[in-house]
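Notes for the structure review
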Amino acid sequence: MSAPTVLQARDVQPFQRGDGVITTPLITPESRPGAAFTTGLTSFPVGRAAPMHSHNCDEQVTILEGQAEVVLEDRRLLLGPMDTTYIPANHSHCFNNVGEGRLVILWIYASDHVTRTFSATGQTVEHLSQGDKVN
């Protein structure tokens, strides 16, 4: 039996994704070996977005702060705080900050091994690796 884990966000090293986008990993294989999922926060400055991409696992995203446009394959929807998406593995999507302040999302992946495949190039990278940038 494994012990519970408490992670204090102030102790987490943020990951600079480029273009002012910052990801704070929370539950990861490094912070909690053996966890069945991966979680974190990403903050987008005004006007910033992630490129269209898909993952090798299901993803849930909840908007914590700001206004987002989510692009789900060929649909575009406006979302605000506490709106939540469920995106099955291998479905292209992205989140764009369309508000007047920062956009903060909470993401949860249904795996402890996450990859990102960029729709424009087909390139697949390990989640939060040096290749996992927004620009």
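To be clear, the structure that these remarks concern was listed above.
Conventions we followed
Residues numbered from 1 in each chain as written. Predicted model: local features only at pLDDT ≥ 70, side-chain atom pairs only at ≥ 80, totals over all residues. Heavy atoms only, no water. Helix = DSSP H or I, 4+ residues; strand = E, 2+ residues; numbered from the N terminus. Contact = heavy atoms within 4.5 Å. Polar contact = N/O pair within 3.5 Å; in protein donor to acceptor, adjacent residues only side chain to side chain. Salt bridge = Lys/Arg side-chain N within 4 Å of Asp/Glu carboxyl O. Buried < 20%, exposed > 50% of the residue type's maximum accessible area, 1.4 Å probe, protein only.

Moving on, we get to the environment of threonine 84. In this fold, threonine 84 is placed in strand β8 (residues 84–87). A sequence separation of 21 residues divides threonine 84 from isoleucine 63, and the C-alpha atoms of the two residues are 6.5 Å apart. Each residue touching threonine 84, except ones within four places of it in the same chain, is listed here: Gln60, Val61 and Thr62. A polar contact is formed between the side chain of threonine 84 and the side chain of threonine 62, at a distance of 3.0 Å.

For the coordinates displayed, the defined rule picks out five salt bridges. For aspartate 132, the salt bridge is made with arginine 17, and the minimal N-O distance between the two is 3.2 Å. With aspartate 132 in the segment after β12 (124–126) and arginine 17 in strand β1 (residues 15–18), this residue pair connects regions lying 115 residues apart in the sequence. When sorted by exposure, aspartate 132 lands in the same class as arginine 17, which is buried. A salt bridge links arginine 116 to aspartate 132, with the shortest nitrogen-to-oxygen separation between them at 2.4 Å. With arginine 116 in strand β11 (residues 115–118) and aspartate 132 in the segment after β12, the pair connects residues that are 16 residues apart, well separated along the chain. Bridged by salt links that share partners, the residues Arg17, Arg116 and Asp132 form one connected network.

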